[in-house]
Amino acid sequence: MDIMKPETINSFVTLVALIISITAMIYTVKAYLLKSGEKIRCSYSTRSSVDCDDKYVANITLENLKDRSIVIFGIYMRIGENYFLELENFENNPLILKPFEAHNQNFDAILFYSVNMKRIDLNTLFDDEKVKKTIMLSTSNDKYEVKANMKQWNPISDFFKNHMTAIIQPRRLSYKGKSYGSNIKYLIEFKYYDNSEDIIPIRSGDERFKIFTNFQLTKESLESKKSLELFLRNQKKKGSIKFSKVEVMDFSKGIESIFTDYDSEKIEAKYYGKIKFKVFGKLYTAYDSYKLKKANRKIKN
């Protein structure tokens, strides 16, 4: 019978010990990496809707892949180099994404996009696949673009460094927790005998489509809030629809009141490449800062 030599046994024990040591080291490194830095996986979708003229982000999901919490103050989409589209703002109540936790948010249609007090059209940039779209986070460790260990960031700080930076906010008008787009003319609120309720958005031209099962809207019924309410009550008398109460809201008036605060002319977002943004943007910022200092000196004098 063959008996293993002592030196063979020692070599085997040494090999096993080495494998255990390497395994333990790999586990330790992986555990450390899970608790250090930041790593977030993100997915989003954009949508076009008959409710509004602008393409918009319809959904976003963030997933924390680290074994540590991440504090988020805002979620933005960087379009190209200089446009930052605000998706969510948590500055007053920061979003704390716990270890391995996910955050999902759905967005409704918008009225329009604005920068300062001007409306801006992003459709061309949204449709251009060559224009890079990146989700950016404002965190307690600066801005985050699938990279870790940065200081808290806000696109406003980028604006002061480069005045070609534009921070864009989607403007929405909501009723009972749901936002509706700029093409909505009326909101019909039905209340039923079982205490349930329903809200139906109506657009201009909806008389061409069968919105309701047992009857169709007419062009005359959509001429005013009063004519639409009267039309619906007449349909109730005919037995075409059942409800305990109906109220029509002229949503277009609410939209018009918001539009009056902005310039009537709509600017179109143009794509600026990295060189144009970084080189010409810095030159423009220097010139702009010079003009501002010159104006301030005149005021002081």
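Structure shown above.
Quantities reported herein were computed from a predicted structural model and do not represent experimental measurements.

Asker: What is the right way to read the overall build of the protein chain from this model?
Answerer: A count of helices and strands for the protein chain gives six helices and 17 strands. Evaluated residue by residue, the protein chain yields a buried proportion of 38% over its 301 residues. A sequence separation of at least 24 residues applies to 65% of the contacts in the protein chain between residues at least 6 apart. Summed over all atoms, the accessible surface of the protein chain reaches about 18,900 Å², with 54% contributed by carbon and sulfur.

Asker: Please explain the pattern of salt bridges as it appears in this structure.
Answerer: Pairs can form between side chains of opposite charge once their charged atoms are near each other. Inspection of every chain in the model, using the stated rule, returns 12 salt bridges. As a salt-bridge pair, Glu63 and Arg41 come within 2.9 Å of each other at their nearest N and O atoms. Separated by 22 residues along the polypeptide, Glu63 in strand E2 (residues 56-64) and Arg41 in strand E1 (residues 40-47) bring together distant segments of the chain. Glu63 sits in the partly exposed class, given a relative accessible area of 28%.

Asker: Sorry, what's going on with unusual backbone geometry here?
Answerer: Most peptide bonds are trans, and most residues other than glycine sit at a negative phi. You will see that Phe100, though not glycine, has its phi angle at about 60°, which is positive. One non-glycine residue with positive phi stands out, namely Asp142, at about 80°. Here Asp142 lies in strand E10 (residues 142-144). Judged by relative accessible area, Asp142 falls into the buried class, the value being 17%.

Parameters and conventions
Residues numbered from 1 in each chain as written. Predicted model: local features only at pLDDT ≥ 70, side-chain atom pairs only at ≥ 80, totals over all residues. Heavy atoms only, no water. Helix = DSSP H or I, 4+ residues; strand = E, 2+ residues; numbered from the N terminus. Buried < 20%, exposed > 50% of the residue type's maximum accessible area, 1.4 Å probe, protein only. Contact = heavy atoms within 4.5 Å. Areas by Shrake-Rupley, 256 points an atom, 1.4 Å probe, with all protein chains shown as cover. Salt bridge = Lys/Arg side-chain N within 4 Å of Asp/Glu carboxyl O.

Remember that the coordinates give geometry; whether it matters functionally is a separate question.
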